[in-house]
Amino acid sequence: MIGPRFSAAAETYDRHARPQLALAQSVVAVLPEMYPEQILELGSGTGQLTRLLVERFPEVPIDAIDVAEKMVAHSRAKFKRFPQISWIVGDAQTYWGGDRYPLIVSSSALHWVSDLRKTCENIFQSLEPGGTFALGMMLQGTLKELHDLREEIAPEKTPLTTLPTYEETSAALEAAGFRIERKKHSEEQILYPDAKAFLKAIHEQGVTGGKVSAGNAPLTRTELGRLVADYQENHASDDGVHATYETATFLLTKA
Ligand SMILES: C[S@@+](CC[C@H](N)C(=O)[O-])C[C@H]1O[C@@H](n2cnc3c(N)ncnc32)[C@H](O)[C@@H]1O
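Not measured: the values here are computed from a predicted model.

Engineer: Please give an account of the overall build of the chain that cites residues and values.
Structural biologist: For the chain, the count of helices and strands is nine helices and nine strands. When the 255 residues of the chain are sorted by exposure, 56% land in the buried category. The contacts in the chain between residues at least 6 apart in sequence include a share of 81% that link residues at least 24 apart. For the chain, the accessible surface area stands at approximately 11,900 Å², while carbon and sulfur atoms represent 52% of it.

Engineer: Any chance you could break down the environment of A73 for me, citing the residues and the numbers?
Structural biologist: Of note, A73 is situated in helix α4 (residues 69-78). On the basis of relative accessibility, which here comes to 40%, the residue A73 falls in the partly exposed class. Put simply, A73 and V89 are 16 residues apart on the chain and 9.0 Å apart in space, counted from C-alpha to C-alpha.

Engineer: So what's going on with the site of the ligand? Which residues, and what values?
Structural biologist: G43, D66, D91, A92 and S107 are the nearest of the 20 residues found near the ligand. Contacts to the ligand include V67, whose backbone N or O atom sits 3.2 Å from a nitrogen atom. Looking at side-chain class alone, the shell around the ligand contains 10 nonpolar, seven polar and three charged residues.

Engineer: Describe the side chain of N122, and please don't skip the residues or the numbers.
Structural biologist: In this structure, N122 sits in helix α5 (residues 116-126). Residue N122 is classed as buried on the basis of its relative accessible area, which comes to 16%. Side-chain polar atoms of N122 contact the backbone oxygen of A92, separated by 3.2 Å. In contact with N122, not counting residues within four places along its chain, are A92, Q93, T94 and Y95.

Engineer: How would you summarise the confidence of the model for the chain if you had to cite specific residues and measurements?
Structural biologist: Confidence in the prediction for the chain averages 90 pLDDT; 89% of positions are at 70 or higher. Across residues 208-212 the pLDDT falls below 50, and counting only partners more than four positions away or on other chains, this stretch makes 19 contacts in the model.

Engineer: Requested: an account of the pairing of strand β9 (residues 240-253), with residues and values cited.
Structural biologist: Counting buried positions along β9 yields 13 of 14 residues, so the element is predominantly enclosed. The pairing of strand β5 (residues 127-138) with β9 spans seven bridges and is classified as antiparallel. Looking at the pairing, G136 lines up with T249 of β9. The sheet contact formed by strand β7 (residues 179-192) and β9 spans 13 bridges and is antiparallel. Its bridge partner being in β9, I180 is matched across the sheet by L252. Here strand β8 (residues 236-237) hands over to β9 after two residues, the two strands then running antiparallel side by side.

Engineer: Break down the nonpolar core for me, citing the residues and quoting the values.
Structural biologist: Core analysis: the biggest nonpolar cluster contains 27 residues, and L110, F133 and F178 have the highest contact counts within it. Those residues in contact with L110, other than ones at most four positions away along the chain, are A92, L116, T119, I123, F133, L135 and M137. Judged by nonpolar contacts, the second largest core, of 23 residues, contains V28, L49, L53 and V60.

Engineer: How would you summarise the packing of helix α6 (residues 144-153) against helix α9 (residues 221-235) if you had to cite specific residues and measurements?
Structural biologist: Packing of α6 against α9 leaves a shortest axis separation of 10 Å and a crossing angle of 130°. With respect to α9, the axis of α6 lies oblique. By crossing handedness, the relation of α6 to α9 is classed as right-handed. Side by side, α6 and α9 meet where E145, L146, L149, R150 and I153 of the first sit next to E223, R226, L227, D230, Y231, N234 and H235 of the second.

Reading guide: rules and limits
- Residues numbered from 1 in each chain as written.
- Predicted model: local features only at pLDDT ≥ 70, side-chain atom pairs only at ≥ 80, totals over all residues.
- Heavy atoms only, no water.
- Helix = DSSP H or I, 4+ residues; strand = E, 2+ residues; numbered from the N terminus.
- Buried < 20%, exposed > 50% of the residue type's maximum accessible area, 1.4 Å probe, protein only.
- Contact = heavy atoms within 4.5 Å.
- Areas by Shrake-Rupley, 256 points an atom, 1.4 Å probe, with all protein chains shown as cover.
- Near = heavy atom within 4 Å.
- Polar contact = N/O pair within 3.5 Å; in protein donor to acceptor, adjacent residues only side chain to side chain.
- Nonpolar A, V, L, I, M, F, W, Y, C, P; charged D, E, K, R; others polar.
- pLDDT = per-residue confidence, 0-100.
- Pairing = 2+ DSSP bridges.
- Core = buried A, V, L, I, M, F, W, Y, C linked by side-chain atoms within 4.5 Å.
- Axes fitted to C-alpha atoms, helices over the stretch in contact; angles between N-to-C directions.
- Parallel < 35°, antiparallel > 145°, perpendicular 65-115°, else oblique.
- Left-handed = near helix turned anticlockwise from the far one by under 90°.

Here it is as structure tokens:
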């Protein structure tokens, strides 16, 4: 279940969300010159992207949707000085606001959905003709060092599913009817002080325990100890340990 896990991470997420912040910035940067009447944000979490939207489009009403109740409550309280934002519990796969939006945005969220094609179709339906959809996605390849080590240490506990690839995401968007105006595919190495701090950070982002890094059963204490030690040994440099994040940013329109 995605909702409860992110709800548990609501308080700590922002302290550890550097790759997500960079992706949210790239989503706002890809937007053309525009001033929409209304915005729909999907998977708004603690409001990292929402904050950038408020800076770029002061006073434009934003419907910020997240499936995790506690995330929604946390952001509603944190952003109470911004009455133009409506914080709503809802699922991006099926959400229908009753109206079509000129701008829909999402960052670091849609890689979690179980059916990306269906979600893209739903977003296409929620977009007004001529409207814009800006999307930031975490892709397969993210945390690959961790996946490889887990595979070695506990091969029977491999992740239940994997993140979508760049090609799968592009295909799902095009199949839904979107025109891809711009796309950027990047791979970045993020540094953490050490392996323990890295694992703590991804846990506090709500990333562990889910389909990205957890398997069909939790690691034992011994396996976890080995994971930390091996990660430190294999992926450390003078500056700390590194982890790969593979992302894409898309600018899409509905003809
Ligand atoms: C990693 S956070 C990203 C939050 C924010 N967009 C950012 O850029 O920092 C992912 C968020 O997506 C939400 N989420 C996951 N699946 C979702 C779905 N199907 N519908 C709506 N929100 C979802 C999670 O609850 C979580 O708050």
